[in-house]
Amino acid sequence: MTARPIDLRSDTVTRPSAAMRRAIAEAEVGDDVLDHDPTTRRLEQRVAELLGKDDALFFPSGTQANQAGVGLLARPGTELLLEADAHLVHYELAGVAANWGVQIRPIATVDGLLTAALVRSALRPATPHVPRAGAIAVENTHNAAGGKVMAPATMEAIVAVARAAGLPVHLDGARLWNAAAALGVPVARLAVGAATVMVSFSKGLGCPVGSCLAFASSTVERARVSEVRKRLGGGMRQSGVLSAAALYALDHHLDRLAEDHANARLLAERLAECSAVRPSVPETNIVMIDLTREGDSAEVVIPRLAQAGVLVVPFGPRRLRAVTHLDVARADVERAADILVATLG
Ligand SMILES: Cc1ncc(COP(=O)(O)O)c(C=O)c1O
């Protein structure tokens, strides 16, 4: 057992580096609810530009920004069409129903990837008997599908179907930075046609807190986004201390995401040697590990792995999730693989 466990539970476990803490300490700040915080405004403008949108607002969490995005796009009594294992379906506590009176309409897929054809076939003609569709949401990368990337062509085709049906699209891009890094395309390329886009700084980019909701002002007004955020309790005062971390991360942590992806591939390759598990083939920084040996369960093996020095989370009764990130170096991943193989094999 090592002194400090190798924490692969999530890319949210990273702690701000000394340099990021300096950026936080030196941030110029103001009251963002009263008029504006200059550092937060700089971040919002930069994010809007990076995503090819007109503007953006800083939010305390991805969940809140996702909720705001849906609330801005879908009217009460309508349906939100989205992939069946999306974050908005499983991990936001039925928020779109509770907050907005919007019904989730999950679309089953084989591999987590929504397609234009699946969206088209889920659309129903308007009759007095079925709820109307209100909006479509997509997730890139797709967490529960093991960090799968949605290619720009797929997104464009979904947007085309949405447009034809008169529906706006919300993009849950908590890990859109990873998708762009994996594809080698500008992040804006993956957001084309989305009316609202959530991106997180607290995952692969290694910030302590924060997400942005970027939006197209043809569909959404800044004042409305601000209003919805406040209603959700997300108006923050001297938020520049958090935005400074995000600006630092955009300058210093975007270009290194490929390292996390290489480390995830390394972990999966090493685990492929072990007959007791079947690892996914990671496209980004997430490895799903299926337990194949009779009698093994996530509930039983996770404490054993923790005891041996590796932390992972369950993603189903016989599935574990391991995520690589800024705070695990290649050597840590090598060691984690040794421990996983020795403990599970
Ligand atoms: C795909 C996806 N969307 C949204 C979120 C929510 O982000 P937060 O934890 O900042 O609320 C997460 C968090 O892991 C996520 O994986």
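Remember, it's a predicted structure, so these values are computed and weren't measured experimentally. (Residues numbered from 1 in each chain as written. Predicted model: local features only at pLDDT ≥ 70, side-chain atom pairs only at ≥ 80, totals over all residues.)

Examining the domain arrangement of the protein chain
The accessible area lost on association of the parts is a frequent measure of interface size. Defined as follows: Each domain's limits were defined by an automated method or a database of domain assignments. Numbering goes from the N terminus for both helices and strands, where a helix is a DSSP run of H or I of at least four residues and a strand is a run of E of at least two. The classification used treats Ala, Val, Leu, Ile, Met, Phe, Trp, Tyr, Cys and Pro as nonpolar, Asp, Glu, Lys and Arg as charged, and all other residues, Gly among them, as polar.
When the domains of the protein chain are assigned, the result is domain 1 (6-14 + 256-344) and domain 2 (31-252). Here domain 1 and domain 2 have C-alpha centroids that lie 28 Å from each other. Mapped by element, the contributors of at least two residues to the side of domain 1 that touches domain 2 are α11 (257-271) and β10 (286-291). Take the side of domain 1 that touches domain 2: its biggest share by element is four residues, from α11. When its residues are assigned to classes, the side of domain 1 that touches domain 2 shows seven nonpolar, seven polar and three charged.

Section: the site of the ligand
For clarity, the threshold we go by: What makes a residue near a molecule or strand is its C-beta atom, placed from the backbone, lying within 6 Å of it.
The environment of the ligand is made up of S61, G62, T63, N66, H87, E139, N143, D172, A174, S200, S202 and S211. Split by residue class, the shell around the ligand holds one nonpolar, nine polar and two charged.

Points about the sheet that holds strand β3 (residues 79-83)
Inclusion rule: We treat two strands as partners when DSSP finds at least two bridges between them. Note on method: axes are straight lines fitted to C-alpha atoms, helices fitted across the in-contact stretch only, with angles between N-to-C directions ranging 0 to 180 degrees. By the convention adopted here, residues are in contact when the distance between their C-beta atoms, placed from the backbone, does not exceed 7 Å.
Strand order across the open sheet formed by seven strands is β2-β8-β7-β6-β5-β3-β4, with mixed pairing between neighbours. This sheet does not close on itself; its edge strands, each paired only once, are β2 (55-59) and β4 (103-107). Across the sheet, the axes of successive neighbouring strands diverge by a mean angle of 20°, strand direction being ignored. When β3 meets β4, the two strands line up parallel, connected through five bridges. Bridging from a neighbouring strand, L80 pairs with I104 of β4. In the packing of helix α3 (residues 62-73) onto the sheet, the strands contacted are β2, β3, β5 (133-139), β6 (169-173), β7 (196-200) and β8 (211-215), and the crossing angle to β7 comes to about 180°.

Some words on the packing of helix α12 (residues 298-308) against helix α13 (residues 330-344)
Threshold: Geometric relationships in this document are graded by angle, where less than 35 degrees denotes roughly parallel, more than 145 denotes roughly antiparallel, 65 to 115 denotes roughly perpendicular, and other angles denote oblique. By definition, turning the near helix anticlockwise from the far helix through less than a right angle yields a left-handed crossing, and turning it clockwise yields a right-handed one.
The N-to-C vectors of α12 and α13 enclose an angle of 130°; their axes lie 10 Å apart at closest approach. On the basis of the axis angle, α12 is oblique to α13. The chirality of how α12 crosses α13 is right-handed. Between α12, through V301, R304, L305 and A308, and α13, the contact on the second element is made entirely by I339, L340, T343 and L344. Partitioning the contact of α12 with α13 into residue classes produces six nonpolar, one polar and one charged.

Things to note about the pairing of β8
Counted only if it meets this: Residues are called buried when their C-beta atom has 20 or more other C-beta atoms within 10 Å, exposed when it has 12 or fewer, and partly exposed otherwise; all C-beta atoms are positioned from the backbone.
Most of β8 sits out of view: five of its five residues are buried. Residues of β8 alternate between two faces, with S211, L213 and F215 on one and C212 and A214 on the opposite face, all of them buried. As paired strands, β2 and β8 are joined by five bridges and run antiparallel to one another. The partner of F58 across the bridge, within β8, is C212.

Quick word on the packing of helix α2 (residues 38-51) against helix α10 (residues 240-252)
Between α2 and α10, whose axes approach to 8 Å, the crossing angle comes to 40°. Between α2 and α10, the angle falls in the class oblique. Crossing of α2 over α10 shows left-handed handedness. For the pair α2 and α10, contact is made by P38, T39, T40, R42, L43 and R46 and by G240, S243, A244, A246, L247 and L250, respectively. A per-class count over the contact of α2 with α10 returns six nonpolar, four polar and two charged.

Side note on unusual backbone geometry
Along the chain, N140 connects to T141 via a cis peptide bond; the corresponding omega equals -5°. As for its placement among the helices and strands, T141 is situated in the loop between β5 and α7 (152-164). At L93, a position not held by glycine, the phi torsion is positive, near 55°. Its location among the elements puts L93 in the loop between α4 (87-90) and α5 (95-100). The exposed category is assigned to L93, around which 11 C-beta atoms lie within 10 Å.

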